[in-house]
Amino acid sequence: MIEVQNLYKSFGEKEILKGVNMHLAKGENLGILGKSGVGKSVLTKCIVRLIEPDQGEIKVLGKDIINMKEDELNEIRKDIGYLFQGGALYDSMSVRENLEFPIRRTQYAGRKIEVDERVEQSLRSVGLLDAIDKMPSELSGGMKKRIGLARALILRPKVILYDEPTTGLDSVTSGEISELILKVQEEYNAASIIITHDMKCAKIATNRIKIIMDGVFNAEGTYDELSRSREKEIRAFFI
Ligand SMILES: Nc1ncnc2c1ncn2[C@@H]1O[C@H](COP(=O)(O)OP(=O)(O)OP(=O)(O)O)[C@@H](O)[C@H]1O
Ligand SMILES: [Mg+2]
């Protein structure tokens, strides 16, 4: 679903990604752990080309996205759901309008019944159909995350990128969102990357985890495997 090879990215003098390699297989939920500022969000933004990498290869659904033209890029972005760190709902739009937004430039635009159906199905998936006519300011933090997820699902993506889906939520709500991520994996048969600091989320929602340190991935395994590691840097995540 995704193949990243030898990816480099610097901002000025600051080298962030220094030869990142990773792949995401069909149907899997891959967790990414790493300290704050290590470049996790930068990596996912490179995958959707919101950030231009300096060097390396990225294939999404078998297609080289580095050399893609804008229109082709927009096409492939429809297959990628992106849950942004912080949720990023448009405050001046209702939940319904937020969800309709990604549909605007697709073949469904203007076909009201299909658009309504998709919006409702997405909201149902995250258990928030009731919130359809609310404004973001009326929603709690956990609800905003769910609506962000509903929006990421609206085009029925083949790949979903979750950037900190549970940050800032209480432990019970985090657990619910983590279960939801698992449910979405089955319901949509999608493959996902889940960036998280929340070890409960990592435990519940991932099939495999990679740890990024100093610009490269240096450990990989299931939650259980990594939790048994004796290496100090890896242990630090599990305390
Ligand atoms: N557009 C940008 N311009 C300049 N520097 C940037 C840009 N985006 C990110 N950076 C820098 O790149 C580094 C990695 O940022 P990134 O957001 O990927 O960290 P992160 O691993 O996601 O951290 P966190 O866990 O806090 O979200 C940071 O030092 C950040 O300041
Ligand atoms: Mg980040």
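Up top is the structure.
Each value, and the rule that gives it
Residues numbered from 1 in each chain as written. Chains lettered and ligands numbered in written order. Predicted model: local features only at pLDDT ≥ 70, side-chain atom pairs only at ≥ 80, totals over all residues. Helix = DSSP H or I, 4+ residues; strand = E, 2+ residues; numbered from the N terminus. Rg over C-alpha atoms; globule rule 2.2 N^0.38 Å. Buried ≥ 20, exposed ≤ 12 C-beta atoms within 10 Å, placed from the backbone. Contact = placed C-beta atoms within 7 Å. Pairing = 2+ DSSP bridges. Axes fitted to C-alpha atoms, helices over the stretch in contact; angles between N-to-C directions.

Novice: Explain the overall build of the protein to me, and be specific about the residues and the numbers.
Specialist: If you tally the helices and strands in the protein, you get 9 helices and 10 strands. Computed over C-alpha atoms, the radius of gyration of the protein comes to 18 Å, within 12% of the 18 Å expected from 2.2 N^0.38 for 239 residues, which places it in the range of a compact globule. Here the C-alpha coordinates of the protein stretch approximately 55 × 45 × 30 Å along the principal axes. Expressed as a percentage of its 239 residues, the buried residues of the protein come to 38%. For the protein, long-range pairs separated by at least 24 residues make up 65% of all intrachain contacts whose partners lie at least 6 apart in sequence.

Novice: Please provide a residue-by-residue account of the pairing of strand 1 (residues 2–11), values included.
Specialist: Pairing geometry for strand 1 and strand 2 (residues 14–24), over 8 bridges, is antiparallel. Note on strand 2: the bridge partner recorded for Val4 is Met22. When strand 1 meets strand 4 (residues 55–60), the two strands line up antiparallel, connected through 5 bridges. By the bridge assignment, Ile2 is partnered in strand 4 with Val60.

Novice: Can you break down the sheet that holds strand 8 (residues 191–195) residue by residue, with the values?
Specialist: Spatially, 6-7-8-3-9-10 is the arrangement adopted by the 6 strands of the open sheet, whose pairing is mixed. Strand pairing shows two members of the sheet lacking a second neighbour, strand 6 (80–83) and strand 10 (216–221), which therefore form its edges. This sheet shows a mean twist of 20 degrees between the axes of neighbouring strands, independent of strand direction. Across 5 bridges, strand 7 (residues 159–163) lies against strand 8 in parallel orientation. Bridge pairing links Val159 to Ala191 in strand 8.

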